[in-house]
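# Architecture at a glance
Here is how the chains run, residue by residue.
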Amino acid sequence: SDPDPLQDFCIADLQSPISLTGFPCKPASNVTSNDFFFNGLAQEGDTNSPFGSSVLLGNVLAFPALNTLGLSMNRVDIAPGGLNPPHTHPRATETGVVIRGKLLVGLISTSNVLYTKNLTAGEMFVVPRGLVHFQMNIGEEKALIFTAFNSHLPGAVIVSLNLFGSRPSVPTDVLTKAFQVEQSVVDQIKSKFG
Ligand code: GLV
Ligand code: MN
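Residues numbered from 1 in each chain as written. Chains lettered and ligands numbered in written order. Predicted model: local features only at pLDDT ≥ 70, side-chain atom pairs only at ≥ 80, totals over all residues.

## Thoughts on the sheet that holds strand S1 (residues 53-58)
Quick note on the threshold: If DSSP finds at least two bridges between two strands, the strands pair. Helix and strand labels come from DSSP, where a helix needs a run of H or I of at least four residues and a strand needs a run of E of at least two; each type is numbered from the N terminus. All axes are obtained by fitting lines to C-alpha atoms, using only the stretch in contact for helices, and the reported angles, taken between N-to-C directions, cover 0 to 180 degrees.
Sheet architecture is open: 5 strands sit in the order S1-S2-S9-S4-S7, paired in antiparallel fashion. The open sheet has two edge strands with one neighbour each: S1 and strand S7 (124-127). Direction aside, the axes of adjacent strands within the sheet are offset by 20 degrees on average. Strand direction decides the pairing type here: S1 and strand S2 (residues 72-78), joined by 6 bridges, are antiparallel. Directly across from serine 54, in S2, lies its bridge partner aspartate 77.

## Some words on the environment of aspartate 46
Heads up, the condition is: Exposure classes come from backbone-placed C-beta atoms, where a residue is buried if 20 or more other C-beta atoms lie within 10 Å of its own, exposed if 12 or fewer do, and partly exposed in between.
Mapped onto the secondary structure, aspartate 46 falls in the segment before S1. With 11 C-beta atoms counted inside 10 Å, the residue aspartate 46 sits in the exposed group. C-alpha of aspartate 46 to C-alpha of isoleucine 78: the two residues are 32 residues apart in sequence and 9.0 Å apart in space.

## Some details on the domain arrangement of the protein
The figure often quoted for interface size is the accessible area lost as the parts come together. Under the convention used in this document: Those domain boundaries reflect an automatic or database domain assignment. Whether two residues are in contact is decided by their C-beta atoms, placed from the backbone, lying within 7 Å. Each residue receives one of three labels: charged for Asp, Glu, Lys and Arg, nonpolar for Ala, Val, Leu, Ile, Met, Phe, Trp, Tyr, Cys and Pro, and polar for the others, Gly being one of them.
Looking at the assigned domains, one finds that the protein contains domain 1 (1-33 + 47-155) and domain 2 (157-194). Once you take the C-alpha centre of each, domain 1 and domain 2 turn out to be 26 Å apart. Counting residues at the interface gives 6 residues for domain 1 and 4 residues for domain 2. Per element, the largest residue contribution to the side of domain 1 that touches domain 2 is 4 residues, and it comes from strand S3 (residues 83-88). By residue class, the composition of the side of domain 1 that touches domain 2 is 4 nonpolar, 2 polar and no charged.

Structure follows, in structure tokens:
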């Protein structure tokens, strides 16, 4: 988790250059009630995307009052059949609670063991820091999850996007070798994420 706070609060001054452990604080005399509240997770996200899902971020960049406090949250909306694709958070353990819908929630250990369960409203999951995980809506209605992290900026590496949609692109030879497939397969996947 992130380092312990050194003061009551430190509302991030996002205009200042980033430091090792977060952002400088905006002057306390400029802090108002509004700084401590954030409505960015109030509305349903747009799931009209190739994955059929949306992740709204409630991290320090969106909600500067989280600066140095070592926690943050996301709102995950997933359409029926949609997927929050396999990804990892390099700086945080994640926990989540299903608010509505029916989801296949899975995580994969560093020993390549898959752990899954079907969850419905009120049920929780946890993903230890850095492990690959996903959620798929296996129900007939919209699914909604709120997730929490022990970092003010957990980061997210979406595995497919990271490998096949990077800039510049990972050399095709690297990917054909890594995945043991023909170049045409790599080209096809790259074309989806490029
Ligand atoms: C879900 O896995 C999330 O990162 O919010
Ligand atoms: Mn996650």
